Amino acid sequence: MKNYSILKKSIFNLTICFFIVVGCSGSKSNGNDRYRIKPLSLRLQAPKVLIIYDNSNHYGVKCLEQTVRACRYGEILYEVFDINQREKLPALNEYASIAVVTESLWKLDKQQCQNLIAFVKDGGGLFIAFRSWNENLSTLFGVTNSYEPQFIEKDQNVYFLKEFLPGGDGLVIQQDDVSNYSYQVDSTITLIARTDEYPIVWFHRFGKGRVIYWNTGLLARKINRGFITRSIAAVQPFTAVVIANIGIFDLDDYPNSSNNVKLEPIKSEFDMTMSEFYTLRWYPDMLNLAKRFGIKYTAVVVFNYNGRTHPPYQFFEWLNGTFKLGGKEIKSSLFAARNLTDETELGLHGYNHQPLTIGNWKTEQNMKMALNAARNRWGVDHLGKLPFSYIPPLNIYDSTGVNVLTQTFPSIKEVGALYLGKYEKGQFREFGPEPWNEKLYVIPRNTSGYIMTDFFKRCMISILISNGIWAHFVHPDDVYPLGERYEENQLKELNIKSLKWYGEPQKNGLYYQLIRWLEFSKENFPWLRYMKRKDAYLVMQMYDRAKITASSQSNIVNLEVNVVPCYFQFFLREKNKLEGVVNCEVIHEYDTEFGSHYIFKANDHVMMLEFKDPIQ
Ligand SMILES: [Zn+2]
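Residues numbered from 1 in each chain as written. Predicted model: local features only at pLDDT ≥ 70, side-chain atom pairs only at ≥ 80, totals over all residues. Heavy atoms only, no water.

Here's the deal with the sheet that holds strand S33 (residues 596-602)
Here comes step 1: With respect to topology, 4 strands assemble into an open sheet ordered S15-S30-S33-S32, the strand pairing being antiparallel. This sheet does not close on itself; its edge strands, each paired only once, are strand S15 (238-243) and strand S32 (584-590). Averaged over all adjacent pairs, the angle separating strand axes in this sheet is 25°, with direction ignored.
Here comes step 2: Strand direction decides the pairing type here: S32 and S33, joined by 6 bridges, are antiparallel. Pairing of cysteine 584 across the sheet is with alanine 602, part of S33. (Pairing = 2+ DSSP bridges. Helix = DSSP H or I, 4+ residues; strand = E, 2+ residues; numbered from the N terminus. Axes fitted to C-alpha atoms, helices over the stretch in contact; angles between N-to-C directions.)

Given below as structure tokens:
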């Protein structure tokens, strides 16, 4: 049955048009963005994706979930079709593209395969998101196999040969269960990614249309969601995708209850205690990076590491760290908390580092009293306005934990949970209300640390292309190989034991590694607006409401958005030249092998783009 897309964005009272002022100081906006909201009225015929799935195909259904999420975030119109319920495909000519998210394409008979072939030949887009086989479709797929290829199930590396996502050139997916067919591709295809033995992703021009084939089940995983958005955009004549345009940088465990011991590698590098390093070297260095890259921070305070989960809740450790400044002994935690600059929001990490779960604290009362103690201390130490943002210790909480948090800190409206991980631990979250407590809004974090591994690079660029968000976190004590933060194998892999802060003269320390990561970000996503979490929360309220629609006629594209200003990506599957814009500005233009890719800022509800050549 056809199931018309139910958009996640809440529906508005159509008669209301209102103004909201938020204090988001993006690099492009220099101050307050005044939002205007108005319902869409032009009824533009936007391109639509038909998503073919099979509800009896377990992994395919996971791929369906990711595809639907990608479409909802970006406001790409779609309909879904269950091949298990109905055997005959609907009329295809009302769709710009077809996304197949199941391995059940074998269920299509010869006639339906011919319909599919004719659809692409006439200019339609086909995106095979989940490896699939049908003997009548091999020419359309761009493969030479005449019989069903062998199914390969083993861990393999996937190497990207083309820059399919911005910054994704040379990307490697390490040892993953690729689950592919032993396909042999035609010489006319463009190979995008491969394992040592098999082609995994390829692009195929077929008649007037385009095919992108993912010979794997990898798109069923959340981490790869951005590849779905990009694949749809690579086969449709044009695609508009709304993005939030938010960069978040959390400083976990700062300020904290540090101590006065000298530990390696900082001991030999600076002859500093931990307290001295955090406040006199690490934070000032982070501020230099903020200046250089336009970053805003959200620092989250943890008062103790005492592990206590029942009263009395004291603060001996909090006042433990000291250092000498101008001959005076200074409490390092208070110094850190009171000397955050305007670039930094102060949020809460906890009374201590015990995750807010009933398993940890045994009773709600134990948890509540600890958080009350933290709130009182916030006042006693004059830390300013009560916190707006919360970061869970060890990235873990449960439903009791978040309920107690909202009771004791009603000022907290926003949580930085993990994007990946395990749902039952308070992780694997989406951007939106916390499912266990609607008073909290989640802006999940997708990368961490100072070293951009291939895994983190993929996490980062994949979300950036699906909704334009990068949320990252580091700890001041990451430079100390204390063990709690990293597992033994990770330490080995990251070679962290030998890395100092600067690592002069080679400049291979964590500080320089982070600079490399931020340079990568600036080079590939120069449009990204860094902001504090509480400002990001306000932008997300607008992003969640944003809708975009567009239609084209010859070389002209008309667009309409309901929220202004807003940011969106615009893709053309053919290279073209932008010759004029009305009511929007080009923020960035990507050079790609898969058509044109732009980032725009909408300055009014109705916009127009003029290209040199007709859009096809
Ligand atoms: Zn922490």
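Read on for the rest.
Here we look at the domain arrangement of the chain
Put simply, an interface is often sized by how much accessible area is lost when its parts join up.
Here comes step 1: For the chain, the assigned domains read domain 1 (3-43 + 540-611), domain 2 (48-236) and domain 3 (246-526).
Here comes step 2: Taken together, the contacts link 11 residues of domain 1 with 12 residues of domain 3.
Here comes step 3: Both sides of the domain 1 and domain 3 interface together cover about 820 Å² of buried area, and 55% of this is carbon and sulfur.
Here comes step 4: At the surface where domain 1 touches domain 3, the tally comes to 0 salt bridges.
Here comes step 5: The tally of links from domain 1 across to domain 3 stands at 3 residue pairs in polar contact (both at pLDDT 80 or more). (Domains from an automatic or database assignment. Contact = heavy atoms within 4.5 Å. Buried area = accessible area lost by both parts, 1.4 Å probe. Salt bridge = Lys/Arg side-chain N within 4 Å of Asp/Glu carboxyl O. Polar contact = N/O pair within 3.5 Å; in protein donor to acceptor, adjacent residues only side chain to side chain.)

Details of the coordination of the zinc ion
Tetrahedral coordination by four donors sets the ideal angle at the metal to 109.5 degrees; octahedral coordination by six donors sets it to 90 or 180 degrees.
Here comes step 1: Here the zinc ion is held by the protein donor atoms Asp253 (OD), His349 (NE2) and His353 (NE2), which lie 2.0 to 2.1 Å from it.
Here comes step 2: Taken in chain order, the donor set of the zinc ion reads D-x95-H-x3-H.
Here comes step 3: A relative accessible area of 1% places histidine 349 in the buried class.
Here comes step 4: Residue classification places histidine 353 among the buried residues on the basis of a relative accessible area of 8%. (Donors = N, O, S within 2.8 Å, 3.2 Å for Na, K, Ca; no water. Buried < 20%, exposed > 50% of the residue type's maximum accessible area, 1.4 Å probe, protein only.)

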